[in-house]
Amino acid sequence: MSNPVDTQRTYALVGTGGCGKTSLAEMLLFNSGALPRMGAIEDGTTCLDYEPEEVRRRGSIQPAVATCLWNKNRHFMLDIPGDGNFTGDMECLLKGVDSVVFVLDAVDGVRPLTKKFWNLTRAENLPAIFVINKMDRDRADFQMAFDGLATLGVKAVALQVPIREGEAFTGYVDVLTGKAYTFGADGAVSECDVPADVADDVSLLHDLTVENIAESDEELMEKYLEEGSLSLEDLQIGLRKGTVAGELCPVLVCSSLENKGGVAVLEAIQALLPAASERPAFVDALGQERKPDPDAPVAGFVFKTLADPFSGQLSLVRILSGTINGDATLKNMRSGENERLGSLLFLTGKTQTPCKEPVGPGAIVAVAKLKNTRTGDSLCDEKQPFALPMPKLPPQLITYALAPKEKGDEDKVYSAIQRLLDEDVTLRLARDEENGDILLSGMGQLHIELSVEKAKRRFKVDIILKTPKVPYRETVRGKVQVQGRHKKQSGGRGQFGDCWIEMEGLPRGSGYVFEDAIVGGVIPRQYIPAIDKGIQEAAARGFLAGCQVVDFRVKVYDGSYHTVDSSEMAFKVAGSLAFKKAMESLKPVLLEPIVLLTVSVPDECMGDVIGDLSSRRGKVLGSDSAAGVTEIKAHVPMSEVLRYAPDLRSMTAGQGFFTMEFAHYEEAPQPVADKVIAEHQKAVAGE
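Residues numbered from 1 in each chain as written. Predicted model: local features only at pLDDT ≥ 70, side-chain atom pairs only at ≥ 80, totals over all residues. Heavy atoms only, no water.

Peer 1: Explain a negative patch on the surface to me, please; I cannot follow it from the model alone.
Peer 2: On the surface, a cluster of negative charge is contributed by Glu218, Glu219, Glu222, Glu226 and Glu227. Structurally, Glu218 can be placed in helix H8 (residues 218-227). (Patch = residues over 30% accessible without salt bridge, like charges linked within 9 Å, V, L, I, M, F, W, Y side chains within 5 Å. Areas by Shrake-Rupley, 256 points an atom, 1.4 Å probe, with all protein chains shown as cover. Salt bridge = Lys/Arg side-chain N within 4 Å of Asp/Glu carboxyl O. Lys, Arg positive; Asp, Glu negative; His and termini not counted. Charge placed at Lys NZ, Arg CZ, Asp CG, Glu CD. Helix = DSSP H or I, 4+ residues; strand = E, 2+ residues; numbered from the N terminus.)

Shown next as structure tokens:
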């Protein structure tokens, strides 16, 4: 009897937004008997898109897990969202699976974002099969989608050629056997003759497929050269070997909406993709290896945390090695604490089924109410420590300020969003030191909007999204010497502080430098730090537009004091007054933050995108074109790209994506500076 781990399959469905991954999952679950009927995205009835925000927008915003049995073999399926707003944690998610079912749209084929996802898949060394979905669409083009795979550097082997009658997808030809099949009403197939209009294509692809399989294995290559052909059994063995090694990528066709091709996809997953026991050993941060062996010490990786209405949260754990039952106690390698797992659950969307048998490598189980475990943590046998390193996540692309609808509810807003961070590691929450704003950073405008919507629904808090504040800065040029004198006498003890400072601008990025040049005790030593503090606090409040002043040096070189009336507070005020006087003399300027924008778009959109960047005061640094996709790098003022995502989407029909990182500060043009200063003055007047 074979070990269940050897027949088990754990895979992710990966592809760009709108290619039909969730519908494909629905078809696979229905054909395996896990679902009594197929739901539809349009109706909001799919099993894996169950969050209200997903139903409303008709698209996945978080990964979902499904468990099913196919011919008594257990399959663990992870549906990963395809919208760039929700794929920041893809590297973490891919650590939860052994292989990938990569989905392409038969109308759009390979998109710019496809390449990014494929590179992540390759970086994790995950074997993959490709499924060209939506073959029922009017403009479906199998050849275009198949040829596009070459641009990914993929050795694609076509296992099926679609049969179409007019615009209808009616069946497929099995390339290896040469047999044709037509679809019945329920997705079942029956054998038919190979249509004349595809016979030549099938013959050509058969020869190409046989050559590719033979080339992937030396023994097969020798046999093929000697005998001029290979048996079907040889081809099937060679195909599996090449797929598991990552050298070959089999390609199938389907229409998930019409339930056509689901059985063939399930058969290919079972026949061609690896079991957990066939994958290479895992390597921890110390370089130690751990084989995915059911008899090895227990180790698991938490690749995602989901909200749960009953338990608060569910930790999705991929078993790396060993075998576990419910009620096991494992050590969290990050916190150093022990966690009692309680009962293990199999998930299919939001449906939870208690796991009654021990589970081993490759299994994905959900565990409720772990005290101090979060995404990226490793759980293991206390006596045999093992921890997978947490992948480095991409930087957040956009920041919005949040405000409560009711004044005084700031803490309520902060704590509501804080609770979302447990399940979404691509969000970042902070408070603006300058103005006290609550700042939420994420992977795009939609990411932020839907996160706020989720917080409102779950935690009953009204949140207003404010346009993100651009972190402008102020600086000075030249040098000046001024006096800051604070004298107050109104009965009793007075206040007296007096200092002379020299202030000058420094090169960009130098920061703030304070120099104590007092000699002869004209200002006692204990008051010098107070002058420094007064200057720093005044600099933080700004002078032109309420923005922090940066890149300047202050030297305090003279002053006077009073033996009774001088105090730290008096000298702090004197320092602040000296700073303001110096700013008046030095003619400060406004600096604006510049970001490095990297945009990937189809070649035909390059002109529009570069023109648009120029209109945003961007300086294009260069572009690089490969396989139909152009990557453009540009320096652009941050204020011009706060809402770039929807504009890029409309310019590229949803096929472009970008990354953004802070580059440097530059002096803002006068019209921009005037506008920012006027807005600040208006806000101050309004207060």
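Having seen the model, we can carry on.
Peer 1: What is the right way to read the pairing of strand S5 (residues 128-133) from this model?
Peer 2: Successive side chains on a regular strand alternate, one facing one side of the sheet and the next facing the other. Burial of S5 is extensive: six of the six residues sit out of reach of the surface. Both faces of S5 are covered, namely the face carrying Ala128, Phe130 and Ile132 and the face carrying Ile129, Val131 and Asn133. Relative to S5, strand S4 (residues 99-105) runs parallel, the two being bridged by six bridges. Note that in S5 the partner of Val103 across the bridge is Val131. The handedness of the S4 to S5 crossover, carried by helix H5 (residues 112-123), is right-handed. (Buried < 20%, exposed > 50% of the residue type's maximum accessible area, 1.4 Å probe, protein only. Pairing = 2+ DSSP bridges. Right-handed = clockwise from strand over helix to strand, strands pointing away.)

Peer 1: Sorry, what's going on with helix H10 (residues 262-272) here?
Peer 2: By the criterion of burial, H10 is predominantly enclosed, with eight of the 11 residues buried. Within H10 the residues assigned to the buried category are Gly262, Ala264, Val265, Leu266, Ala268, Ile269, Gln270 and Leu272.

Peer 1: Help me understand the packing of aromatic side chains, please; the structure alone is not making it clear to me.
Peer 2: Under the defined criterion, the tally for this structure stands at 13 aromatic pairs. Ring centres 5.2 Å apart and planes at 75 degrees place the aromatic pair Tyr644 and Phe658 in the edge-to-face group. You can see Tyr644 sitting in helix H16 (residues 644-651) and its partner Phe658 sitting in strand S34 (residues 657-667), a full 14 residues away along the chain. Judged by relative accessible area, which is 13%, Phe658 ranks as buried. Taken together, the ring pairs in this structure connect Phe169, Tyr172, Tyr181 and Phe183 into an aromatic cluster. The ring of Tyr414 has Arg431 lying over it, and the distance from NZ or CZ to the ring centre is 4.4 Å. (Phe/Tyr/Trp six-rings, centres within 6.5 Å; stacked < 30°, edge-to-face > 60°. Lys NZ or Arg CZ within 6 Å of the ring centre and 35° of its normal.)

Peer 1: Even after reading the chapter, I still don't get the side chain of Thr598, so can you show me in this structure?
Peer 2: Examined against the element boundaries, Thr598 turns out to sit in strand S31 (residues 589-602). Owing to a relative accessible area of 11%, Thr598 belongs among the buried residues under this scheme. A polar contact of 3.4 Å, which involves the side chain of Thr598, links it to the side chain of Lys633. Filtering out sequence-adjacent residues up to four positions away, Thr598 remains in contact with Glu631, Ile632, Lys633, Phe657, Phe658 and Thr659. (Polar contact = N/O pair within 3.5 Å; in protein donor to acceptor, adjacent residues only side chain to side chain. Contact = heavy atoms within 4.5 Å.)

Peer 1: Whenever I open this one, the state of the cysteines confuses me. Can you help?
Peer 2: What is meant by a disulfide is a covalent connection between two cysteines, made through their sulfur atoms. Under the criterion given, the structure shown has zero disulfides. A disulfide-free cysteine, Cys68 has its sulfur positioned 10 Å from the sulfur of Cys47, the nearest such atom. On the basis of relative accessible area, Cys68 is assigned to the buried category, the value being 3%. (Disulfide = S-S within 2.5 Å.)

Peer 1: Help me understand the environment of Asp217, please; the structure alone is not making it clear to me.
Peer 2: Tracing the backbone shows Asp217 in the loop between helix H7 (196-215) and H8. Take Asp217: its relative accessible area is 10%, and that puts it in the buried class. A distance of 2.6 Å separates a polar atom in the side chain of Asp217 from a polar atom in the side chain of Lys241.

Honestly, it's all geometry; don't read function into it.
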